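Descriptive analysis of the structure
Each chain is listed here by its residues.
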Amino acid sequence: MKGALIGCGFFAQNQLHAWRDIDGVEIVALCDQNEIALNASAKLFGIDQVYTDAQEMFADGGFDFVDIATTAPSHRTLVEMAAKAGVNIICQKPFAENMDDARAMVASADAAGATLMVHENFRWQSAIQSALKVVRSGAIGEPFFGRVSFRSGYDVFSGQPYLAEGQRFIIEDLGIHILDIARAFFGDVDRIAATTQRMNPNINGEDVATMLLEHHSGVSCIVDCSYATKRIPENFPQSLLEIDGSIGSLRLDAGYKLTVQTDDEITVDVSPPLLPWAERPWHNIQESVKIIQQHFVNCIRSGSQPETSGADNLKTLALVEAAYISAEHGRTVSLSEI
Ligand code: NAD
Ligand code: 89V
């Protein structure tokens, strides 16, 4: 399977490493408007076919899928270009800047018969997958309460300076992952209420968000995110879980400790492996990149829909929109409004 990648920036390096690890896949073309970034990645990964214009890359073709690793403002144009070229698509989160764009992108891939998956990787982290396996097995019974929590003081702005610039920050960039984890455990959401705060005076958007989700399944779930939390040890980038079920409970605590409590209590270490190209503390995210990309390849090979397909991700993106509306207007928002 041959692929092309657009956007050779900060995070794409992980994606390029992970593609190299996946059997039967080769990235044959690279594109970036920034020639310095383009040439650096081409040299590091030994890729000869390079473009500063995505249109030219699609016109030349020679690949079965495209990996879109640019930031959100370019996603709609690039996804529609890829659909027109008839290739399968994996696109980074946030999938789109608004729901209209996101719906149009899903429709364009559907019309072309192309697989469209969103690189929404947090639910694919191995510690989260271990917890999902326990809950889906019924070991704690029917869940009725959840908390998915991400609280950190890590400086994300030095690697990703654009995160300090937007009017929106933590829900759109990080909360989107945490909301998606809540969906993976408890399914679709009927209503959401959210508050936001900005603690860091040097950024434009909110860096704290506290959300209450009412799932269609009846589960109440708190999703809380902060990049203003000073704590030792620093937990970046771990998502922590607390889930209460009818016959037991589950916790994923800091340090990747997974505890399942029924009549007995069992704690296991679900630390992610440190891949040869990975670096702490990012290794948790880096490993999930390989897992999600492998899932994309498996789905294309078997003709099945990815779990985090474009269509599925509309529901995660709708939660982001609803959370901002809720925080702005101080009211509970029904997802049917979005
Ligand atoms: P970045 O700014 O470092 O890199 C983006 C690159 O895309 C830049 O080199 C830019 O020149 C290029 N680009 C932009 N528009 C283009 C176009 N139309 N054609 C060709 N090249 C174009 O950004 P980043 O930090 O690598 O983030 C990229 C995406 O990855 C974002 O959507 C971000 O939210 C996401 N991200 C995801 C995770 C995760 O865990 N899933 C982590 C970090 C970042
Ligand atoms: O995953 C992300 O999108 C990153 C980070 C973990 C730093 O928030 O931007």
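Predicted, not measured: the structure shown is a model, and the values here were computed from it.

**Concerning the nonpolar core**
Counting residues in each nonpolar core, the largest one holds 94 residues, and the members touching the most others are Val66, Phe185, Ile192, Met211, Leu213, Val223 and Leu250. Top element by residues in this core is helix α7 (residues 170-186). It accounts for 11 residues. Each of domain 1 (2-114) and domain 2 (123-281 + 296-337) gives at least three residues to this core. Sequence-distant contacts of Met211, defined by excluding residues within four places in its chain, comprise Ile171, Leu179, Ile192, Ala193, Ala194, Cys221, Ile222, Val223, Cys225 and Ala323.

**Some details on the site of ligand 2**
Inspection of the region around ligand 2 gives Lys93, Phe122, Val156, Gln160, Asp173, Leu174, His177, Tyr227, Trp282 and Ile285 as its neighbouring residues. In this structure, an oxygen atom belonging to ligand 2 sits 2.9 Å away from a side-chain N or O atom of Tyr227. Protein contacts shield 93% of the accessible area of ligand 2, which totals 270 Å² for the unbound molecule. With respect to the detected pockets, ligand 2 is housed in the largest pocket. If you tally residues by element for the shell around ligand 2, the top one is α7, at three residues.

**Considerations on the UniProt feature "domain: GFO/IDH/MocA-like oxidoreductase" (unreviewed entry) in the chain**
As recorded in UniProt, the feature "domain: GFO/IDH/MocA-like oxidoreductase" (unreviewed entry) lies at residues 129-250. Structurally, residues 129-250 is divided into 20% helix and 34% strand, and its ends, taken at the C-alpha atoms, are 13 Å apart.

**A closer look at empty space enclosed by the protein**
Considering all chains together, one arrives at three cavities of 30 Å³ or more under this definition. Of the voids in this model, the largest cavity is the one considered here, and its volume is about 50 Å³. The wall of the largest cavity is formed by Pro94, Ala96, Glu97, Asn98, Arg168, Glu172, Ile176, Leu317, Val320 and Glu321. Breaking the lining of the largest cavity down by element, the ones donating at least two residues are α7 and α9 (310-329). The biggest single contributor to the lining of the largest cavity is α9, with three residues. Taken together, domain 1 (2-114) and domain 2 (123-281 + 296-337) each give at least three residues to the lining of the largest cavity, which thus spans both. Its boundaries defined by the atoms lining it, the second largest cavity holds a volume of some 40 Å³. What lines the second largest cavity is Gln125, Ala127, Ile128, Pro237, Gln238, Ser239, Leu252, Tyr256 and Asn284.

**Notes on the packing of aromatic side chains**
Two measures describe an aromatic ring pair: the distance that separates the ring centres and the angle between the ring planes. Applying the stated criterion across every chain yields a total of 14 aromatic pairs. Between the aromatic rings of Phe150 and Phe236, the centroid separation amounts to 6.2 Å while the plane-to-plane angle is 85 degrees, which identifies the pairing as edge-to-face. Of the two residues, Phe150 is situated in strand β7 (residues 143-151) and Phe236 in the loop between β10 (220-226) and β11 (240-245); the sequence distance between them amounts to 86 residues. Feature note: the residues Phe10, Phe122, Phe150, Tyr154, Phe157, Phe169, Tyr227, Phe236 and Trp282 constitute an aromatic cluster, connected by ring pairs.

**Here's the deal with the layout of surface pockets**
To find leftover empty space, one rolls a probe the size of a water molecule over the atoms. Here the largest pocket is characterised by a volume of approximately 760 Å³. Forming the walls of the largest pocket are 35 residues, and the residues nearest its centre are Lys93, Gln160, Tyr162, Leu163 and Asp173. For the lining of the largest pocket, the leading source of residues is α7, giving four residues. Taken as a whole, the second largest pocket holds about 330 Å³ of empty space.

**Focus: the environment of Gln49**
By secondary structure assignment, the location of Gln49 is in strand β3 (residues 49-51). Considering only alpha carbons, one finds Gln49 and Leu179, 130 residues apart in sequence, at a separation of 38 Å. Here Gln49 is in contact with Val28, Ala29, Leu30 and Gly61, once residues within four sequence places are set aside. Side-chain polar atoms of Gln49 contact the side chain of Tyr51, separated by 3.0 Å.

**Considerations on the UniProt feature "domain: Gfo/Idh/MocA-like oxidoreductase N-terminal" (unreviewed entry) in the chain**
Under the local residue numbering, the UniProt record ascribes the feature "domain: Gfo/Idh/MocA-like oxidoreductase N-terminal" (unreviewed entry) to residues 3-118. Annotated as 46% helix and 22% strand, the span residues 3-118 places its first and last C-alpha atoms 16 Å apart.

**Quick look at the site of ligand 1**
The immediate surroundings of ligand 1 are formed by 23 residues, with Phe11, Asp32, Lys93, Asn121 and Tyr162 found nearest. Contact between ligand 1 and Phe11: an oxygen atom at 2.8 Å from a main-chain N or O atom of the residue. Interatomic distance of 2.6 Å between a side-chain N/O atom of Asp32 and an oxygen atom of ligand 1. The protein chains hide 85% of the 860 Å² of surface that ligand 1 would expose on its own. Spatially, ligand 1 is embedded in the largest pocket. The residue inventory of the shell around ligand 1, partitioned by class, reads eight nonpolar, 12 polar and three charged. Taken domain by domain, the makeup of the shell around ligand 1 includes at least three residues from each of domain 1 (2-114) and domain 2 (123-281 + 296-337).

Thresholds, definitions, all that
Residues numbered from 1 in each chain as written. Chains lettered and ligands numbered in written order. Predicted model: local features only at pLDDT ≥ 70, side-chain atom pairs only at ≥ 80, totals over all residues. Heavy atoms only, no water. Core = buried A, V, L, I, M, F, W, Y, C linked by side-chain atoms within 4.5 Å. Buried < 20%, exposed > 50% of the residue type's maximum accessible area, 1.4 Å probe, protein only. Helix = DSSP H or I, 4+ residues; strand = E, 2+ residues; numbered from the N terminus. Domains from an automatic or database assignment. Contact = heavy atoms within 4.5 Å. Near = heavy atom within 4 Å. Polar contact = N/O pair within 3.5 Å; in protein donor to acceptor, adjacent residues only side chain to side chain. Areas by Shrake-Rupley, 256 points an atom, 1.4 Å probe, with all protein chains shown as cover. 1 Å grid on protein atoms, 1.4 Å probe; cavity = no way out; pocket = protein on both sides within 12 Å on 5 of 7 lines; lining within 4 Å. Sits in = over half its atoms within 2 Å of the grid points. UniProt positions renumbered as here; feature names shortened; annotations may be inferred. Points joined across faces, edges and corners; volume = space filled by probe spheres on them. Phe/Tyr/Trp six-rings, centres within 6.5 Å; stacked < 30°, edge-to-face > 60°. Nonpolar A, V, L, I, M, F, W, Y, C, P; charged D, E, K, R; others polar.

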